[in-house]
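What follows is each chain in one-letter form.
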Amino acid sequence: MTTPADCYTCEREARFGALPSRERIAFDEHWRVAHAIGTALPGWLVLVPRRHVTAIADLTDAEASGLGTWQVRLSRALHEVTGCAKTYVVQFAELEGFHHVHFHIVPRMVDLPRELRGRGVFDLLGRTGDAIPDERMDETATTLARLL
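We now turn to the structure provided with this report. (Residues numbered from 1 in each chain as written. Predicted model: local features only at pLDDT ≥ 70, side-chain atom pairs only at ≥ 80, totals over all residues. Heavy atoms only, no water.)

Before going further, it helps to examine the pattern of salt bridges. Enumeration over the complete set of coordinates arrives at nine salt bridges. Across the salt bridge formed by R32 and E13, the nearest N and O atoms sit 3.0 Å from each other. In this pair, R32 is assigned in strand β2 (residues 31-35) and E13 in helix α1 (residues 8-14), connecting sequence segments 19 residues apart. Like E13, R32 is buried. The residue E63 makes a salt bridge to R51 at a minimum N-O spacing of 2.7 Å. Taken together, the residues E63 in helix α2 (residues 61-82) and R51 in the loop between β3 (45-49) and α2 connect sequence positions 12 residues apart. Overall, the relative accessible area of 2% leaves E63 in the buried class. A cluster of three or more residues bridged by salt bridges with shared partners is formed by E11, R12, R15 and E23. (Salt bridge = Lys/Arg side-chain N within 4 Å of Asp/Glu carboxyl O. Helix = DSSP H or I, 4+ residues; strand = E, 2+ residues; numbered from the N terminus. Buried < 20%, exposed > 50% of the residue type's maximum accessible area, 1.4 Å probe, protein only.)

Structure representation (structure tokens):
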């Protein structure tokens, strides 16, 4: 299990002021929105608590009360920016180094092939050869930030 000292999300949060726009698209005192890294899908967002939390049950009442609002706001913004048919909201927090609770807010595009729908969408994450370039993530982040 990760601790704040070896947690990717906490390391990024510690550098909050220096993060590029793609890693702080929107935020409040409890949550931060970032573009997912290593994805071939523009607009794949990650919603993370700003303190180290490894289980949903450990969210404070204040964090929990904002969670649904953020998920809906992000889904609406993604619909407007990407034209997606719907969004997927997924939470696992199991990958080594990524035990910090985080919610994937994934735009499901109208033309997404059937094999990439549902859990298949994760085939678009962890990409090296065709991942979205930083500049494109920053452009998406700026557009989303204006809506939020």
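Below, the discussion takes up the packing of α2 against helix α3 (residues 134-147). Contact geometry of α2 with α3 gives a least axis separation of 10 Å together with a crossing angle of 125°. Taken together, the axis directions place α2 and α3 in an arrangement best described as oblique. In the packing of α2 onto α3, the handedness of the crossing is right-handed. Two secondary-structure elements touch here, α2 through A77, L78, E80 and V81 and α3 through T143, L144 and L147. For the contact of α2 with α3, the per-class residue count stands at five nonpolar, one polar and one charged. (Axes fitted to C-alpha atoms, helices over the stretch in contact; angles between N-to-C directions. Parallel < 35°, antiparallel > 145°, perpendicular 65-115°, else oblique. Left-handed = near helix turned anticlockwise from the far one by under 90°. Contact = heavy atoms within 4.5 Å. Nonpolar A, V, L, I, M, F, W, Y, C, P; charged D, E, K, R; others polar.)

Here V48 is to be found in strand β3. Residue V48 is classed as buried on the basis of its relative accessible area, which comes to 5%. V48 sits 14 residues away from A34 along the chain, and the two C-alpha atoms are 8.0 Å apart.

Right, let's get into the sheet that holds strand β4 (residues 86-90). Pairing within the open sheet is antiparallel, and its five strands lie in the order β1-β2-β3-β5-β4. Each having just a single partner strand, β1 (26-27) and β4 make up the two edges of the open sheet. Sheet topology places β2 next to β3; five bridges connect them, and they run antiparallel. What sits directly across from V33, in β3, is L47. (Pairing = 2+ DSSP bridges.)

Okay, the packing of aromatic side chains next. One pass over the full model with this rule turns up five aromatic pairs. With a centroid separation of 6.1 Å and an interplanar angle of 65°, the aromatic rings of W31 and F103 are classed as edge-to-face. Of this pair, W31 sits in strand β2 while F103 sits in strand β5 (residues 103-108); the two residues are 72 residues apart in sequence, bridging distant segments of the chain. Residue W31 shares its accessibility class with F103, and that shared class is buried. Relative to F122, the ring of W44 has its centre 5.3 Å away and its plane inclined at 85°; by these criteria the two rings are edge-to-face. With a gap of 78 residues between them, W44 in the loop between β2 and β3 and F122 in the loop between β5 and α3 connect regions that are remote in the sequence. Judged by its relative accessible area of 23%, F122 falls in the partly exposed class. Put simply, the rings of W44, F92 and F122 touch in pairs and so form one group of aromatic residues. (Phe/Tyr/Trp six-rings, centres within 6.5 Å; stacked < 30°, edge-to-face > 60°.)

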